[in-house]
Amino acid sequence: MYADSEVITVSGNGPFIVRGWNLANGYSHFEWISFNDADEPHEDVLWTYHHGKLYKVVMLDSQQVARIISYNVRSGGQLAAYTINIPGFSRKCKAIGINLVCLSDNGELKGVTVINSQFFNLDVSAETKGASCKLLDVDSSADLPVLAIGCKLTKLLVAIKDNTFKALSETVPISAGVSVTQHVSGTHLVVLSKQVDGVIKVSGKVLETDQPVDDILSSFESTSPLSDVESSNTLCTLRRDRSVSCQMLLSTVDHSILLAQTSSKILWSREEALANIISVELVDLPVSDIEAAIEKEFDNKEAPVDIGVPSGFVGMFVRRLMSQLLQLKSLLMSVVSLGEAVEKDGLDVDLVRDEFGLHKLIVAVTSVGKLFGIDNISGNIVWQKYLGEMETYSSIEKPVVSFYVQRTSRHLPHPAQCFILGKHKDSDESMVYTFNPINGQPIGDGLHRLGYRAVQSLLLHFVDEQFLKGVVLLDSKGGLHVLPQSQTGLVAEHAKSIFFFTANSQSGLLVGYTLAHTTSQKLVASEVWRIQLSHKITGLMSKSPLEKVHSQGRVLGDRSVLYKYINPNLVAVMTQAEDPIHKNVLSIYLIDVVSGSIVFSIVHKRATEPIHLVHSENWIVYTYFSDKSRRTEIGALELYEGKTQSNTTAFSSVSASDNPIVERQAFILPAGIEAMKETITEKGITSKHILVGLNSGGILEIPWMFLDPRRPLGDIREEGVIPYMPELPLPAESIINYNQTLHRVRAIHTAPSGLESTCLVFIYGLDLFYTRVAPSKTFDVLKEDFDYLLITAVLVGLSVAAYATKRLAQRKALKQAWK
């Protein structure tokens, strides 16, 4: 809402915070809070401004009544309060200017002014008959408010003037953006922008006379296909030659924002969908053409396809010549600079795997259903894909999708393949999108509907002959499905070793399944165990499938070994409940999801959100806000089998074993936490660090030794163990993002690199940040100041000295032989 040179914003959901901002410099002029009454709902509250007064319109639940409260916009003082009866009231209402407009179920548009309660209406039943319609916002001029009635594929524009409705002569597509701006001599321009085949086309006409304006006709296109326009804001000016020029700020359904100018081009664009990333994977890039040729040189199966000659020594000889010619060409282009880098299959030639595996592609899935491929070195968007029909699931009050990497790019000549499971936006039917993460192109059927609603998905731990991991889906009726279907026989062979579980966050019910055969040799999901928790589930965390444990035990001070309880099937489940005495109770359960046994549980009283959880190796770290102490606390659990290992070869959840020894400790962190994640490396040799996203915008790196539950209170008797101190330090040198403040961090994603010492870190939320960390320093990489010249001179000198000494020794031995 605008007031002279100020903009007024209302935020919150009861109580509401009203702020006034200066348009020129962004300074805040005033701020006050509006509280809801006991009978007022938190939703269905509308706000509008007129002549220094801010009007709050509350749609009451009990009857067809709207309560209107007026405030002084600067002080927040209440001026008046009254109610308006709206016959045929409907929830489809909007506050437009000084008018409250509602669309009734029988197709009648009702309007009432919030100042003098004057009613007016318009019968639009002919346009809305038999359709599910709703009121839509339109960017319009202050002296002529315009609204839109959206029905199925079209929307009807209605102007409000002198307390009357005026329907425009024609309807526009539902996917078109509409804006109304002032024109000459009291007239107004209606500017329409719609997307056709990835190109946005703009047209306009005079609202009062329906006369088209040819100066506005234009089209905009981008390097990536554009989506339907969701909203548009237009500013038009009249030039000296009486022509019209407009600047348009367009927002599309895939959360892209464009600023374009008619008769020109797109001035700039922003991908705001990147602020709503919900899932991320770091994918290995393919090898270069030279390395691919070397790989195929030893694969006889590729000979008929690549060069058209039979396999055998002839084919291998020809492939060797071709690979060497390719290497010679690359040498000439890079060293002699006889050629320029070109794109291959629409991708930059630099997108190839490096020697240490540090160059990867970040594949991100957003809440709106848009996919991005981002180069982790340059930060450039390599490709993007919008899945308009697919939307995300809602799990534990967060949008989620099942995102799996079925095959990496390490298996030539098979391309990398990823799998995304979502649901259709107009139904509960599940949808699957299979694609190549390197270029974003679909594989096989691409995006398609499954015909059922999947409630659980599982990426298999084994591959087929094409190095592809299958996915098992459990539908809402208990049916079992394997994708791709060609792996059904392979899944049947490993049925006894496949276990999965489902968790209902609202009811707190966990059910474990395994695969079994029916009498007709059909695969079904057989229930193994069932656990009913008393409260709703607010968090669930399993170990990373990429994690590897390097050390099986821990050396104590007396040189004995305390063996770790390394259960790959262990899952940490968090529940929260309100308690009349302790207010909020946080419970944590460690559950073996193969046998269904509860290994350990712990309860914290007066513990509230924000709550975060990390699960790795044999330890769990979780954070919560203590209502009693008014501070953020970190709890650490570490599980051990004892001084004897139950099974030295493999862990079994089925065989009975004693409960693990649990070491636990709590610490104080003098800061708020927004996200938390552990580092991960390729072999698990490097020490573990915990990355903590602080609400101050920093990412803190905490070594595991600071959170070790075995930190003693007295004398130190173990190596690598420091004395216990309740408060954790926040050294400035441990902030890995330095002076780059990260706002509203949603999650931290870590991935291993080709170097054992280095972990790749990608942080996303309102901002995106990428870096590399080395928890144990770069022990496997030479330092940057390594003196290559000195070591080369020393080696050459030693070689010359050794050769000279050898010659002298031979001469001495010859002289002694002649004596």
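Everything here concerns the structure above.
Values in this document were obtained by computation on a predicted structure and should not be read as measured data. (Residues numbered from 1 in each chain as written. Predicted model: local features only at pLDDT ≥ 70, side-chain atom pairs only at ≥ 80, totals over all residues. Heavy atoms only, no water.)

> In this structure, what is going on with the pairing of strand β57 (residues 759-765)? I would like to understand it.
One face of the sheet, then the other: side chains in a regular strand alternate in exactly this way. For β57, a buried count of seven out of seven residues is recorded, marking the element as mostly surrounded by other parts of the structure. Because side chains alternate across β57, one face comprises the buried residues Cys-759, Val-761, Ile-763 and Gly-765, and the other comprises Leu-760, Phe-762 and Tyr-764, equally buried. One ladder, built from seven bridges, connects strand β56 (residues 745-752) with β57; its direction is antiparallel. Within the sheet, the bridge partner assigned to Pro-752 lies in β57 and is Cys-759. The loop that links β56 with its antiparallel partner β57 comprises six residues. Of the strand pairs in this sheet, β57 and strand β58 (residues 768-773) are connected by six bridges, and their pairing is antiparallel. Paired with Tyr-764 across the two strands is Leu-768, which belongs to β58. Where β57 folds back onto β58 in an antiparallel hairpin, the turn is made up of two residues. (Buried < 20%, exposed > 50% of the residue type's maximum accessible area, 1.4 Å probe, protein only. Helix = DSSP H or I, 4+ residues; strand = E, 2+ residues; numbered from the N terminus. Pairing = 2+ DSSP bridges.)

> I'm lost on unusual backbone geometry in this one. Help?
Going from Leu-483 to Pro-484, the amide bond is cis rather than trans, its omega being -5 degrees. Omega for the bond connecting Glu-609 with Pro-610 falls within 30 degrees of zero, at 5 degrees, which places this linkage in the cis form. For Pro-610, the location among the structural elements is in strand β49 (residues 607-616). One non-glycine residue, His-51, lies in positive phi territory at about 50 degrees. When you line up the elements, His-51 lands in the loop between β5 (45-50) and β6 (53-59). Accessibility expressed as a relative area gives 69% for His-51, which makes it exposed.

> Can you walk me through the pattern of salt bridges in this structure?
Between side chains of opposite charge, a pair can form as their charged atoms come close. As enumerated under the stated definition, the model contains 18 salt bridges in all. With its nearest N and O atoms 3.7 Å apart, the salt bridge here joins Asp-558 to Lys-643. Highlighted residues: Asp-558 in the loop between β44 (553-555) and β45 (561-564) and Lys-643 in the loop between β51 (631-642) and β52 (661-669), separated in sequence by 85 residues. Given a relative accessible area of 52%, Asp-558 falls into the exposed group. (Salt bridge = Lys/Arg side-chain N within 4 Å of Asp/Glu carboxyl O.)

> Would you mind showing me how to read the sheet that holds strand β54 (residues 689-694) here?
Each strand in a sheet pairs with another by means of backbone hydrogen bonds, the pair being arranged parallel or else antiparallel. Ordered by their spatial adjacency, three strands build an open sheet running β53-β54-β55, and the pairing between neighbours is antiparallel. Edge strands, defined here as strands with exactly one partner in the open sheet, are β53 (673-678) and β55 (699-703). Between one strand axis and the next, the sheet turns through 20 degrees on average, direction left out of account. (Axes fitted to C-alpha atoms, helices over the stretch in contact; angles between N-to-C directions.)

> Would you explain the packing of aromatic side chains in this entry?
Aromatic ring pairs are defined here through the distance separating the ring centres and the angle between the ring planes. All chains considered together, the criterion is met by 14 aromatic pairs. Between the aromatic rings of Phe-500 and Tyr-513, the centroid separation amounts to 5.6 Å while the plane-to-plane angle is 20 degrees, which identifies the pairing as stacked. Here Tyr-513 lies in strand β41 (residues 509-517) and Phe-500 lies in strand β40 (residues 499-504), a separation of 13 residues in the sequence. Residue Phe-500 is classed as buried on the basis of its relative accessible area of 6%. You can call Tyr-513 buried: its relative accessible area is 16%. For the ring pair Phe-786 and Tyr-788, a centre distance of 5.0 Å and an interplane angle of 75 degrees mean the geometry is edge-to-face. (Phe/Tyr/Trp six-rings, centres within 6.5 Å; stacked < 30°, edge-to-face > 60°.)

> Mind showing me how you'd approach the sheet that holds strand β26 (residues 277-284) here?
Spatially, four strands are ordered β26-β27-β28-β29 in an open sheet, and the strand pairing comes out antiparallel. In this open sheet, the two edge strands, each paired with only one partner strand, are β26 and β29 (381-386). Direction aside, the axes of adjacent strands within the sheet are offset by 15 degrees on average. Where β26 lies against strand β27 (residues 360-366), seven bridges are found, and the strand directions are antiparallel. Residue pairing across strands places Asp-284 opposite Lys-360, the latter belonging to β27.

> How do you make sense of a positive patch on the surface when you look at a structure like this?
On the surface, a cluster of positive charge is contributed by Lys-806, Arg-807, Arg-811, Lys-812, Lys-815 and Lys-819. Inspection of the secondary structure assignment puts Arg-811 in helix α6 (residues 788-817). For Arg-811, a relative accessible area of 52% gives the class exposed. (Patch = residues over 30% accessible without salt bridge, like charges linked within 9 Å, V, L, I, M, F, W, Y side chains within 5 Å. Areas by Shrake-Rupley, 256 points an atom, 1.4 Å probe, with all protein chains shown as cover. Lys, Arg positive; Asp, Glu negative; His and termini not counted. Charge placed at Lys NZ, Arg CZ, Asp CG, Glu CD.)

> Can you help me understand the side chain of Arg-711 in this one?
Tracing the backbone through its elements, the reader meets Arg-711 in the loop between β55 and β56. It is Asp-708 that comes nearest to the buried, bridge-free Arg-711 among opposite-charge side chains, at 7.5 Å. Side-chain polar atoms of Arg-711 contact the backbone oxygen of Phe-706, separated by 2.7 Å. Beyond its immediate sequence surroundings of up to four residues, Arg-711 is in contact with Phe-667, Met-705, Phe-706, Val-721, Ile-722, Pro-723, Tyr-724, Met-725 and Leu-728. (Polar contact = N/O pair within 3.5 Å; in protein donor to acceptor, adjacent residues only side chain to side chain. Contact = heavy atoms within 4.5 Å.)

> Whenever I open this one, the pairing of strand β24 (residues 256-261) confuses me. Can you help?
In this sheet, β24 lies alongside strand β23 (residues 244-252) in antiparallel orientation, the contact comprising five bridges. The residue of β24 that forms the bridge with Leu-249 is Leu-259. In this structure, the hairpin formed by β23 and β24 is closed by a connection of three residues, where His-255 is found at a positive phi of approximately 65 degrees. Pairing between β24 and strand β25 (residues 266-271): five bridges, direction antiparallel. Looking across to β25, one finds that Leu-258 is bridged to Ser-269. Hairpin connection between β24 and β25: a loop of four residues separates the two successive antiparallel strands, and Ser-263 in this loop has a positive phi of roughly 60 degrees.

> What am I meant to see in the environment of Ser-753 here?
With respect to the secondary-structure elements, Ser-753 resides in the loop between β56 and β57. For the pair Ser-753 and Leu-358, spaced 395 residues apart in sequence, the C-alpha separation works out to 5.6 Å. From its side chain, Ser-753 meets the backbone oxygen of Leu-755 in a polar contact 3.1 Å long. Within the structure, the side chain of Ser-753 is placed 2.9 Å from the backbone oxygen of Thr-758, a separation counted as a polar contact.

Interpretation note: all reported values are geometric properties and have no functional meaning in isolation.
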